[in-house]
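Letter by letter, the chains look like this.
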Amino acid sequence: MPIIDINNKKVHIQELNKGAKHTVVLIHGMFSNLSVYYFNIAPILAQHFHVVMYDLKSHGMSERVLTGYDLDHMATDLLDLMDHLQLEQVFLVGYSFGGLIALKTAVISPTRIQKLVIMEAPDPQDEKARDIIEEYSKEFLEHYVANFTDTTKVKMGKRQMEKNHRQYEFLFQQTSIKADMVKEKHFLEDIRHAQLSMPSLLLYGADSNCRPTGEWLKEQFNQASLKLIPGDHNIPIQEPTRIAEAIVHFFTNIFIKNYG
């Protein structure tokens, strides 16, 4: 697996279609990993774009880190990764906690983000939303195992399952991730004042408890559309093809409008 060194920390990345003109960077959610995209969504995007996925710190195959899960650090990690890969400007997609990282990156470095897709970013002030993230992150592991088996035709062994569970226990019990999220509970105020202007697509589950946040975000952007997807907070697992096609349509329509 490709492991790169960013600021003396090991980061696991995957890239598809490196020769494409435009790059899409995908950020996964809390307590999951890049495979939420890898099996279904990324291959569709890679028919059109260079796709970059990476495991957040202490997630997947990236290095375990005790602290630095606040949005400032997480956005800086992303920008450092982009610098390492010599990506001056990208299309950015973030899911759940990854959506908050994408929003923070757009606030602090808007010129680096050409277009923005936010999926199911929660309101950090909403304790129920934080509980939802944990609930569906646990569910994610079950779907990850099923996807791994369906795609590779190899049943995940007991040792790999135990490794995954240890990673989640480490994140829940030993890192500052929950405390850092509590510190970010007023983050959406930053969005209110930022007046973000890049074209943006907001993807939310029609039955998601986070849907009101998507509706609120639509009003804060100068150029944003909200698309509701059948399902709840776990829409990348429930409707991966629909998600991928919506993202491709959003980006390619902009190409046609600007260059066609």
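Our subject is the structure listed above.
All of these numbers come straight from a predicted model, not from anything done at the bench.

Chemist: Could you clarify how one ought to interpret the pattern of salt bridges in this entry?
Modeler: Should the charged atoms of two oppositely charged side chains come close, the side chains can pair. Applying the stated rule across the entire model yields nine salt bridges. Here Asp-77 and Lys-57 are joined by a salt bridge, their closest N and O atoms 2.9 Å apart. Remark: Lys-57 occurs in the loop between β4 (50–54) and α3 (71–84) and Asp-77 occurs in helix α3; sequence separation between them is 20 residues. Since its relative accessible area comes to 11%, Lys-57 is described here as buried. Arg-112 is the salt-bridge partner of Asp-83, the closest N and O atoms lying 3.0 Å from each other. Here Arg-112 lies in the loop between α4 (97–108) and β6 (113–119) and Asp-83 lies in helix α3, a separation of 29 residues in the sequence. If you follow the salt bridges from partner to partner, you end up with Asp-72, Lys-104 and Asp-190 in one network.

Chemist: What's the story with the sheet that holds strand β5 (residues 90–95) in this structure? I'm lost.
Modeler: Note on sheets: strands pair through backbone hydrogen bonds, and any given pair is parallel or antiparallel. In spatial order, the strands read β1-β2-β4-β3-β5-β6-β7-β8; together these eight strands make up an open sheet with mixed pairing. Across the chains shown, the open sheet's two edge strands, defined by having one partner strand only, are β1 (3–6) and β8 (224–229). The average angle at which neighbouring strand axes cross in this sheet is 25°, direction not considered. Where β1 and strand β2 (residues 9–16) come together, four bridges link them in antiparallel fashion. Residue pairing in the sheet places Ile-3 in a bridge with His-12 of β2. In this fold α3 packs onto β1, β2, β3 (23–27), β4 and β5, with an angle of close to 110° to the strand it touches most, β1. Its contacts with the sheet put helix α9 (residues 211–220) on β7 (200–205) and β8, and the angle it makes with β7 is roughly 160°.

Chemist: Looking at this structure, I do not really get α9. What am I missing?
Modeler: Working note: α-helix, 3.6 residues per turn, so residues spaced by three or four point in the same direction. Within α9, burial applies to Thr-213, Gly-214, Leu-217 and Gln-220. Looking straight down α9, one finds that the buried residues subtend no more than 115° of arc, so they occupy a single side.

Chemist: Explanation requested: the pairing of β3 in the structure shown.
Modeler: Among the five residues that make up β3, five are buried, leaving the element largely enclosed by the rest of the structure. Of the two faces of β3, the one carrying Thr-23, Val-25 and Ile-27 and the one carrying Val-24 and Leu-26 are both buried. Here five bridges tie β3 to β4, and the two strands are oriented parallel to one another. Paired with Leu-26 across the bridge in β4 is Met-53. Alignment of β3 against β5, held across four bridges, turns out to be parallel. Along β5, the bridge assignment pairs Ile-27 with Gly-94.

Chemist: Would you mind showing me how to read the side chain of His-233 here?
Modeler: Structurally, His-233 can be placed in the loop between β8 and α10 (235–238). Within the local environment of His-233, its side chain forms a polar contact with the side chain of Ser-96, the two groups lying 2.8 Å apart.

Chemist: Is there a simple way to explain the nonpolar core in this structure?
Modeler: Generally speaking, soluble globular proteins have nonpolar side chains that are buried together. Tyr-54, Leu-92, Phe-97, Leu-103 and Leu-116 are the most contacted members of the largest nonpolar core, which totals 46 residues. Among all residues touching Leu-116, those that are not within four sequence positions of it are Leu-92, Ala-102, Leu-103, Ala-106, Met-198, Pro-199, Ser-200, Leu-201, Phe-221 and Phe-250. Counting residues in each nonpolar core, the second largest holds 29 residues, with Val-24, Tyr-37, Ile-247 and Phe-250 among its members.

Chemist: What is the right way to look at the pairing of β1 in this model?
Modeler: Looking along a regular strand, one sees side chains alternate from face to face of the sheet. Residues of β1 alternate between two faces, with Ile-4 and Ile-6 buried on one and Ile-3 and Asp-5 left unburied on the opposite face. Counted along the chain from β1 to the antiparallel partner β2, the turn is two residues long, and its residue Asn-7 has a positive phi close to 55°.

Chemist: Is there a simple way to think about the packing of α3 against α4 in this case?
Modeler: Packed helices, taken two at a time, are described by their axes: the angle between them and the distance between them. Where α3 contacts α4, the axes come no closer than 9 Å and their chain directions differ by 75°. Here α4 runs roughly perpendicular to α3, going by the angle between their axes. Seen from α3, the contacting residues are Leu-71, Asp-72, Met-74, Ala-75, Leu-78 and Leu-79; seen from α4, they are Phe-97, Leu-100, Ile-101, Lys-104, Thr-105 and Ile-108. Residues belonging to the contact of α3 with α4 are distributed by class as follows: nine nonpolar, one polar and two charged.

Chemist: Can you help me understand the environment of Ser-62 in this one?
Modeler: Here Ser-62 lies in the loop between β4 and α3. Taking the relative accessible area as the measure of exposure, Ser-62 reaches 7% and is therefore buried. Separated by 59 residues in the primary sequence, Ser-62 and Ile-3 have C-alpha atoms spaced 7.7 Å apart. Dropping the residues within four chain positions of it, Ser-62 is found in contact with Lys-10, Val-11, His-12, Asp-55, Leu-56 and Lys-57. Here His-12 takes part through its backbone nitrogen, which lies 3.0 Å from a polar atom of the side chain of Ser-62. In terms of polar contacts, Ser-62 uses its side chain to reach the backbone carbonyl oxygen of Asp-55, at 2.7 Å.

About the cut-offs
- Residues numbered from 1 in each chain as written.
- Predicted model: local features only at pLDDT ≥ 70, side-chain atom pairs only at ≥ 80, totals over all residues.
- Heavy atoms only, no water.
- Salt bridge = Lys/Arg side-chain N within 4 Å of Asp/Glu carboxyl O.
- Helix = DSSP H or I, 4+ residues; strand = E, 2+ residues; numbered from the N terminus.
- Buried < 20%, exposed > 50% of the residue type's maximum accessible area, 1.4 Å probe, protein only.
- Pairing = 2+ DSSP bridges.
- Axes fitted to C-alpha atoms, helices over the stretch in contact; angles between N-to-C directions.
- Contact = heavy atoms within 4.5 Å.
- Arc of directions from axis to C-beta.
- Polar contact = N/O pair within 3.5 Å; in protein donor to acceptor, adjacent residues only side chain to side chain.
- Core = buried A, V, L, I, M, F, W, Y, C linked by side-chain atoms within 4.5 Å.
- Parallel < 35°, antiparallel > 145°, perpendicular 65-115°, else oblique.
- Nonpolar A, V, L, I, M, F, W, Y, C, P; charged D, E, K, R; others polar.

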